[in-house]
Structure formats: C-alpha cells, structure tokens
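Topology and contacts: notes
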Amino acid sequence: MSSKTFIPTVCPYCGAGCAFYVVVEDGRAVGLEYMAEHPVSEGALCPKGNAALEALNHPDRLTHPLVKRNGRFQEVGWEQALDFISHRLSAIRQSAGPDALGFLSSAKCSNEENYLFQKLARWLGTNNVDHCARLCHAPTVVGLAHTLGSAAMTNPIPDLINADCIFVIGSNFAENYAPVARWVWRARDRGARVIVADPRLTPTAWLADIFLQLRPGTDVALLNGMMHVILTEGLADRDFIAQRTTGFEALARHVAAYPPSRVAEITGVSPAQIVAAARAFASASAATLIYCMGITQHTTGSDNVLACADLALMCGQVGRPGAGLMPLRGQNNVQGACDMGALPDFLPGYQRVSNLRPQISNPQSAIRNPQSSGLTVVEMINAAYDGQIKAMVVMGENPILSDPNADHAREALSRLDLLVVQDIFMTETAELADVVLPAAAWAEKSGSYTTTERRVQWSPQAVQPPGEARADWQIVCDVARRIQGNLEELRGTQGGLVPPSSSEFLRVPQSSSDNPWDYASPVDVLAEINRTVPIYAGITPERLAAAPGGLFWPCPAPDHPGTPILHTERFATPDGRARLVPVDYVAPAEEPAGAFPLTLTTGRVVVHHNAGSMTRRSPSLLARAPALFVEVNPADAERLGLAEGDAVTVSTARGRAEAKVRITDTVETGVAFMPFHFEGTNRLTIDALDPRAKIPEYKVAACQVGPAKKEG
Ligand code: SF4
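Throughout what follows, the structure given in this document is the object of discussion.

Criteria and cut-off values
- Residues numbered from 1 in each chain as written.
- Predicted model: local features only at pLDDT ≥ 70, side-chain atom pairs only at ≥ 80, totals over all residues.
- Heavy atoms only, no water.
- Pairing = 2+ DSSP bridges.
- Helix = DSSP H or I, 4+ residues; strand = E, 2+ residues; numbered from the N terminus.
- Contact = heavy atoms within 4.5 Å.
- Axes fitted to C-alpha atoms, helices over the stretch in contact; angles between N-to-C directions.
- Buried < 20%, exposed > 50% of the residue type's maximum accessible area, 1.4 Å probe, protein only.
- Polar contact = N/O pair within 3.5 Å; in protein donor to acceptor, adjacent residues only side chain to side chain.
- Phe/Tyr/Trp six-rings, centres within 6.5 Å; stacked < 30°, edge-to-face > 60°.
- Lys NZ or Arg CZ within 6 Å of the ring centre and 35° of its normal.
- Near = heavy atom within 4 Å.
- Nonpolar A, V, L, I, M, F, W, Y, C, P; charged D, E, K, R; others polar.

Observations concerning the sheet that holds strand β6 (residues 101–104)
- One open sheet accounts for 7 strands, arranged β5-β4-β18-β17-β16-β6-β7; its pairing is mixed. Here the strands that pair on one side only, and so sit at the sheet edges, are β5 (72–75) and β7 (129–130).
- Of the pairings in the sheet, the one linking β6 to β7 comprises 2 bridges and is parallel in character. When the sheet's bridge partners are listed, Phe 103 is paired in β7 with Val 129.
- Docked against the sheet, helix α3 (residues 78–96) engages β4 (66–69), β6, β16 (391–395), β17 (418–423) and β18 (435–438), running at close to 130 degrees with respect to β18.

As for the sheet that holds strand β19 (residues 447–450)
- Pairing is antiparallel in the open sheet, where 3 strands are placed in the order β19-β20-β21. A single partner strand is all that each edge strand has here, and the edge strands are β19 and β21 (551–552).
- Alignment of strand β20 (residues 455–459) against β21, held across 2 bridges, turns out to be antiparallel. Residue pairing across strands places Arg 455 opposite Phe 552, the latter belonging to β21.
- The strands touched by helix α4 (residues 111–123) are β19 and β20; relative to β19, the strand with the most contacts, the crossing angle is about 95 degrees.

A short note on the environment of Asp 687
- Of note, Asp 687 is situated in the loop between α25 (681–684) and β28 (701–707).
- Taking the relative accessible area as the measure of exposure, Asp 687 reaches 26% and is therefore partly exposed.
- In sequence terms Asp 687 and Thr 299 are 388 residues apart; their C-alpha atoms lie 9.4 Å from each other.
- Residues in contact with Asp 687, not counting those within four places in the same chain, are Pro 404, Asn 405, His 408 and Pro 696.
- A polar side-chain atom of Asp 687 sits 3.2 Å from a polar atom in the side chain of Asn 405.

Some points on the packing of aromatic side chains
- Under the counting rule described, the total for this entry stands at 5 aromatic pairs.
- Here Phe 167 and Phe 281 contribute two aromatic rings whose centre-to-centre distance is 6.0 Å and whose plane-to-plane angle is 65 degrees, an arrangement assigned as edge-to-face. With Phe 167 in strand β8 (residues 165–169) and Phe 281 in helix α13 (residues 271–282), this residue pair connects regions lying 114 residues apart in the sequence.
- Given a relative accessible area of 0%, Phe 167 falls into the buried group.
- The side chain of Arg 662 reaches across the aromatic face of Phe 629, ending 3.6 Å from its centre.

Observations concerning the site of the ligand
- Surrounding the ligand, one finds Cys 11, Tyr 13, Cys 14, Gly 17, Cys 18, Leu 45, Cys 46, Lys 48, Gly 49, Ala 178 and Pro 179.
- For the shell around the ligand, the secondary-structure elements that each account for two or more residues are α1 (47–50) and α8 (178–189).
- Its residues placed into classes, the shell around the ligand shows 8 nonpolar, 2 polar and 1 charged.

That is the geometry; function is a separate question.
Written as structure tokens, this is what we have:
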C-alpha cells in the first residue's frame, strides 16, 4: 500500500513567500496541505498558491531538449543540445567578443541558480546579465540603496501588526500579496489607520480610511505635498532628522514649493485629503509605508522611491517595530536574484562592478574590463535589435510577454544568431528560440529562495522532474562545462580570446574544487554563497534546513540570529546616516493627446501572475480570468459608444491589442486599465526608461479605446 509524504515547499509565485506542504504519493505530487506554523502565511494561501500543482502537473510541461531545424522543433538528446549551444556560444564569443552575449536570469529560480547563471555570464567575460527586477523594482535598488544604503524591505510582513498607521502607495496587495492584506487587517482591527493612494479603487483601497485617487504618474507631487503639510504643521521628527539623516535643509526648501492647492491641481486629490493623509502618517507613533510597482514602473520610478523614503525619514518612521519602508517585490525570488548579482552593475552581495580592481592577470584573457556595467533587460533587447548582441540565453523569463513595446522585443529576439531558452513550458519567447531546454519546476529541485522581506527559506525537492527535464542549476553547469571543453581546445591555437582560468576570477569566486563548475548539489552552491556574499555568510544549508521560518539577511556569521528589522541603530551608508534627497515632479514620458486621449495604466489581477506562463495553464485560475480586458469609466464608455463586454481595440503609438471592455467606476474618467498577464498589453506600453534604474514606464501611456477593428 502506498503512503503519503508531506514535503515542505515555498510557493512559486510571489515574493510573500508563503509555504505549504506538497503531498507526495507514489512519486507524484497529488495535493497540497496548508502549513499553519509558517510565520507569514499561517496556513493560508491565495488562489495562485492553492492552484500551484495545476501548473506543476500540466501536460504542456517540456520533457525533452528541442532544437529548431528548418523552422520546426525536433527532440534531441541532452548531449546534442549541449554540444550545439556550447559550440555556437563559443564561436559567437570568439568572433564578436563577450559583450555580444546577453543573459536573462530568472526571479523564479533559486538563489543558487541565479548565482550560477550570473557566474556563467561573467565567466564568459560580460556583465550583460539582468532579470525581471529591472521591470519591477530596479528603482528600489537605485533609490533605497542611495538613501538608506540598502535596497531592501526594512521590516518583516508580520511586523505590520505593530504599526498604527499604514500608508500604501501604488500597491494592490489585497490581490497580489494576500498575506500582507491579512496582516494589515489585523493592524486595522487593533486601531491602525490605513491610507491608500492609487489611480484605481482597488480591493486594497477598500481597506482605506483615507483613499487618495491620484492621476497616474503624479506620485512625487503627492508625496511632496504631504511633506509640505508635515513641515508647515510642525509634525516632522526633528530629533530623528538631526541625529540620523543628512540633507534636511535642502529637502525642506524644496517641498515648500508644493502647497496642497498646487498638488491638488497636479494629482486630482483634494487639498483636504492631502492634509488628512499627512497628519495621519506623521502623527502615528509607528507608521509603515508600503509601495509596489505603482511607484516603480515609471520614468520617474527612482524619484518616486526617493520621495517615499524622504517622507518616512522626515517622520522618523524607519528602524523600529511597526515603522519602516516595505517595497513589495513581485516574483518569489526577485530579492534573491538581486542579492546574487543577476544584475549588470552589481556582483553577488551588491559589490559594484565599478569597484573591482583590474584583474587582467593574463594578457590574453577574455575578461577585458569587468568594471564597466553591462546592459539592462531593455538595453539588451535594443542591442539585439541593432545587431550588437548576437546570442542570448534566457532562463525562465518570457520577455515577449513582459517587455514593453513587445512587437519590437519580438523582432529583436528574431534577429539573434542564437537564442537559448530554458523553461518549464513552451513560452511565447521559447517559440522563437533555436534551442529549448526542459527545466525542472520549483518542487522538482532543491534550493533557497529569498522573500520580499529578506527571509531566506529552503525548499527541498519533493518529486522528480518530468521526462528528461533538469534543474536550472544543472543546466547552467552542463553548459559551462561544455564551453570549458570548447574553449580549452582554442587556448593557444587561435590567439585573441581564450578562456579565463579559475585564478583570474578575483570576485567571481570559485567552488571548493579547482573547477569553477564542479558542484554536486545546490547545497555546494549555497556553501560557496556563504563564503562570498557577506550578508548570506551565516545562512548555511544546515541552519536553513533547521529553520522552517527561514533566516533574515544580513546574517554575517553562522552564530548570527539574522536581522528582521534593518537600520535600528545606523543606516547602511558610509556615515551611518540616511540621505534626504529632494525630487521634483516630472510629467510622464507620454501624456494623453490627439488620437490617444486616454491614459493607459497596467497592473495585476488576483488569479494571474506576471507573464502568466504558469497561471494561464492553471484551469481553475484561467476560468476566473480567461482573457484580456480593459477597464474604462462609465462616462468614457458612453462617450465612446461602448457597452459592457464589447470587443474593443486598444491602441497606442506602438501598436494595438484586442480586449473585452469592462465598464467600472474603479477607474476615473480619462483612465483605462489593463492587466499585463496576457499577450497584447505590452504591445501598447512605452519603452521610455527611468534614466537611472532603466525601468520602462509600464504605468502610463497615451491610448485610445474603440470598437474592435477588423484585420486587413
Ligand atoms: Fe503564493 Fe504569493 Fe499567493 Fe502566498 S500570496 S500563496 S506566496 S502567490
């Protein structure tokens, strides 16, 4: 008689990091069981978590390597696929140089896999490695790293219960991070006041005592207006400002130019509401500011983050229980992928590539100048379009769905000499690839994942992958070892570009053996991370296995308890003080006018996740949101002659998409909302970038909505 086992696992979807048990019987995942003892989710899961096994066991799972010949995929063995990839990558690197290669890492993959993936890119001599954090929270990395010295959420999710005011701006956590909503509800039940600022009346906004329905892209003006009120009414925390910050005088002078009357004109929020929100936040004994992609996905994303930090610091609301800044990171391991250096400007542990000492010990080395940053996601796509990047390796990402101006992204990837995709499904991006490698899903491999709160959790393997699918960490090592072989053949025979030897990597560290690609398991990789990433030094495999609730970084030693709350004594800046930075309101890159009179903004719905490659294959989720829709206000619908459920065409200067119209007053007149989980939405979005964070402006574009156009 078969018996069931219960294997703990971390949810593969969002950064909240809920955990549950996979129920395994006869080697198959047959169900899930709630984990009541988990400190964040406490046995609850949102619809996505509840449906996680539907994607895991889906018949569409990739099971064999595929190579495209004459426009059609053919199944091949691993040896053949790896030979093909390694020869093509080596040849392109040899002929066009290391920077002709681009690597898209994955926030869905474990810390160990991201660590190895960026190591592969740098081992081949390029910093062209990035991942979807660029598309969601790059401004958090830029903004919080500058002002606080650390680009991470300051307090754990359950700490929300200690707040007596919670200010939410640009986050719809009631749909997208269910446990956050539960902890906010608890705080509210204890008397906390909730302020929500959002262009839409979202389910999160239903929680609000004060709801500020601002125009898309006007966040800096609103935040400056609140700071203006706080200073005018003497509500700032002068002791905190004096003892723990720099730059206050300049900030005070700056926000003097943002009286509520002016801010109301820019934002559409009434002066009385601005004053009420400012008073509620500043007078709280402990206040938490939560933000998400409504803040970051703008050409002013970095400014928005800086203004959020300014507001919290001005009120002394950082570094205590219930007082902090909470940027909610999207994917299950987007925090970890950043920590592991899957970024073009940072190595593991946030060492800037520009701080590296010159390391060309071998004059023939392929590592030319590792101190220059590589290209970001959108820059790599543009470089592929222009022919500068000739080969890309994509691990678990789907840029055809997730990048802005998607038709341009499709054309760019089509121009590559080599596109390799490793994934669990045949995604829209994989369809363009020359080689597709079948990857193991989260429950089919072991590894550590870091939640949005910096909580590192171990997720052990529960079941075997289907067919010949392999874990991404194995695939990366397999590719690297093949390339090692190819390049060794070239050493000394061709001159010019030769492979770097192990000793040439001063900051891209080695595994314990001489071969940098010799790992027996993810445990070996984590042990290397312990040696090379100071904030993970004490997060050892042994401790993680014994800590079901995980460990918070920074955890600098094996006997360190971890750090749930950051900045309690000093900030992570060189002088220990936070930097207050004045920022001005700047209008979005594209405003409604002429043929495109509406403002398009984008976001998520409760039953889908990001590019939807997993949730769109979950029958129970797809049934609840089967297709693309656009929300418009009743007044706009009447003016445009649209009825509920009509097929419409949404168009922008970049393209058009078909959708069903939903008529709702959750959006204001002049605003249209579309979820970005379906193909179509990102054909419309603009690829204008924040100049520092290089994030595209997904949240604002000029559009028109009208009756569906016939093709041709
Ligand atoms: Fe998974 Fe996030 Fe839902 Fe929790 S809230 S079950 S982590 S998708």
